[in-house]
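Chain residues, written in single-letter form:
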Amino acid sequence: MAHMSLKQKLEVLADAAKYDASCASSGTAKRDSRGGGIGSTEGMGICHAYAPDGRCISLLKILLTNVCVFDCHYCINRKSSNVRRARFTVEEVVQLTLGFYRRNYIEGLFLSSGIIKSSDYTMEQIVEVARLLREEHQFHGYIHLKTIPDADPALIEAAGRYADRISINVELPTVAGLKRLAPEKSATRISTAMAGMKSAIVDAHDASRRYKSAPRYAPAGQSTQMIVGADAATDSQIITSASGLYDSFGMRRVYYSAFSPIPDASAVLPLKRPPLLREHRLYQSDWLMRFYGFRAEEVGAATEGGMLPLDIDPKLAWALKFRDSFPVDVNRADKERLLRVPGLGTKAVKTILSARRHRQLRLEDVGRLTQSIAKVRPFITAADWRPVALVDRADLRTRLAPPAEQLELFAA
Ligand code: SF4
């Protein structure tokens, strides 16, 4: 590896980290530095990543190195990829984090790495960065560490003690996809490591409720990322896999990252990226499962040939398919049924439940709570409104789908 300045390494290793989407910082425990040290984790709902190309920063998002002994087909840093390589020392990452923090550039660190020498060796280096920051420099800011499933569980345990959030990427939605595109990775080892992290997080959470001085363990929980569109997995399979990850491992978040063709791509990969709208629809279906009480099978039932429609959101797709569940009476229906109404969000439902204790709601009352009453109207009844045959109309989908946008012929 040619000698590089710190700035050159940063260019390479911040750019190499941009493919990882799993770095939101929400949900961690409150921690501040008024009692000494530096950094705090408050006010951090949104996090961005640092890159030298000017993207907004609040989290220094880098790889320790983009050298890797593995050869995952979808990864730009794989062993056989012809990219410029760089490697930070542990001390360099520590100094960069502290320097950026002091200049108010960032609120924390997201650190991942290619695998150098062995999984244990790499994990030791990652843990050492976090240890130095926490123990030697009293850094109280946010730390997200990407852990390596094959590493010694004791090292993953240590990572959880220093980090706010830890994560392991599940990578592909199906075991077959993982075998084909990341043959050196093992679905079983990934699940075992996730299960270990889950039980450590649960134990630490229980202990913290009993003892004030209980040691922390990844208070912001664990997350993972799935690549969408690099294999033939359908949206139904992705949704089922995500639901299993939430249920089995208590994931805080599953991130979906639309596969983007990489320079010098492997021949087994598709030549085209999936539409970005597909990633968006998967995030919407994820919200349906986490906040709207939908089960994975129900979201799956809204798909067509296993794929979520791109022209309408999954909640509307479900409602159009299961029209006999509507209309829903906004003055009487329970919360679960109100949450099924297209166009009503969780906040609108909360307001409806509270407002109707005092008076009967009319259509215009509901209209004030939603961006589009036209979308809600066919699916509800109110004090002054019944949709009559509206919900049964054959052209309802066409009427409710947003108008198709003309694509630019010479778009960049
Ligand atoms: S192990 Fe990680 S860094 Fe290495 S090739 Fe696979 S995905 Fe890329």
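Quick note: structure is the one above.
Here we summarise the structure given alongside this text.

Calculation notes
- Each chain carries its own residue numbering, running from 1 in the written order of its sequence.
- It should be noted that, the model being predicted, local features are given only for residues of pLDDT at least 70 and side-chain atom pairs only at 80 or more, the latter also being counted only at that level, while totals for whole chains, interfaces and linings use all residues.
- Secondary structure elements follow DSSP: runs of H or I no shorter than four residues count as helices, runs of E no shorter than two count as strands, and numbering proceeds from the N terminus.
- A helix is expected to span 1.5 Å multiplied by its residue count minus one.
- Residues with at least 20 neighbouring C-beta atoms inside 10 Å of their own are called buried, those with 12 or fewer are called exposed, and the rest are partly exposed, where every C-beta is derived from the backbone.
- Throughout, a residue-residue contact means that the two C-beta atoms, derived from backbone geometry, are no farther apart than 7 Å.
- We count a residue as near a molecule or strand when its backbone-placed C-beta atom lies within 6 Å of that partner.
- Basically, the charged four are Asp, Glu, Lys and Arg, the nonpolar ten are Ala, Val, Leu, Ile, Met, Phe, Trp, Tyr, Cys and Pro, and anything else, Gly included, counts as polar.
- Where helices are involved, their axes are fitted lines through C-alpha atoms of the stretch in contact, as for all axes, and angles between N-to-C directions lie from 0 to 180°.
- Just so you know how the angles are binned, under 35 degrees is roughly parallel, over 145 roughly antiparallel, 65 to 115 roughly perpendicular, and the rest oblique.
- A clockwise turn of the near helix away from the far one marks a right-handed crossing, whereas an anticlockwise turn of less than a right angle marks a left-handed crossing.
- Two strands pair if DSSP finds at least two bridges between them.
- By convention a crossover is right-handed if, when the strands point away from the viewer, the path from the first strand over the helix to the second runs clockwise.

## Thoughts on helix 6 (residues 187-210)
Between its first and last C-alpha atoms helix 6 spans 35 Å; for 24 residues at 1.5 Å apiece the expected length is 34 Å, and the two agree. Turning to helix 6, its buried residues number three or more, namely I190, A193, M194, M197 and I201. In this fold, the buried residues of helix 6 make contact with helix 4 (153-162), strand 4 (165-167), strand 5 (222-228) and helix 7 (235-249).

## Some details on the site of the ligand
The ligand sits among C68, F70, C72, C75, N77, R78, G114, I115 and A182. The class makeup of the residues in the shell around the ligand is six nonpolar, two polar and one charged.

## Section: the packing of helix 2 (residues 90-102) against helix 3 (residues 119-136)
Running from N to C, helix 2 and helix 3 point in directions that differ by 40°, and their axes come no closer than 9 Å. Classified by the angle their axes make, helix 2 and helix 3 are oblique. At the point where helix 2 passes helix 3, the crossing takes the right-handed sense. In this structure, helix 2 uses V90, V93, V94 and T97 to contact helix 3, whose residues at the interface are Q125, E128, V129, L132 and L133.

## Quick notes on the sheet that holds strand 2 (residues 108-112)
The strands making up a sheet are joined through hydrogen bonds of the backbone, oriented either antiparallel or parallel. Taken in spatial order, the six strands line up as 1-2-3-4-5-6 in an open sheet, and their pairing is parallel. The sheet terminates laterally at strand 1 (59-63) and strand 6 (253-258), the two strands that pair on one side only. When strand polarity is set aside, the average angle formed by the axes of neighbouring strands in this sheet is 20°. Two strands pair when backbone bridges link them, and strand 3 (residues 142-146) and strand 4 are joined in this way by three bridges, in the parallel orientation.

## Quick look at the pairing of strand 6
Burial runs high along strand 6: five of the six residues are buried. The pairing of strand 5 with strand 6 spans six bridges and is parallel. By the bridge assignment, S223 is partnered in strand 6 with R253. Note on the crossover from strand 5 through helix 7 to strand 6: the handedness is right-handed.

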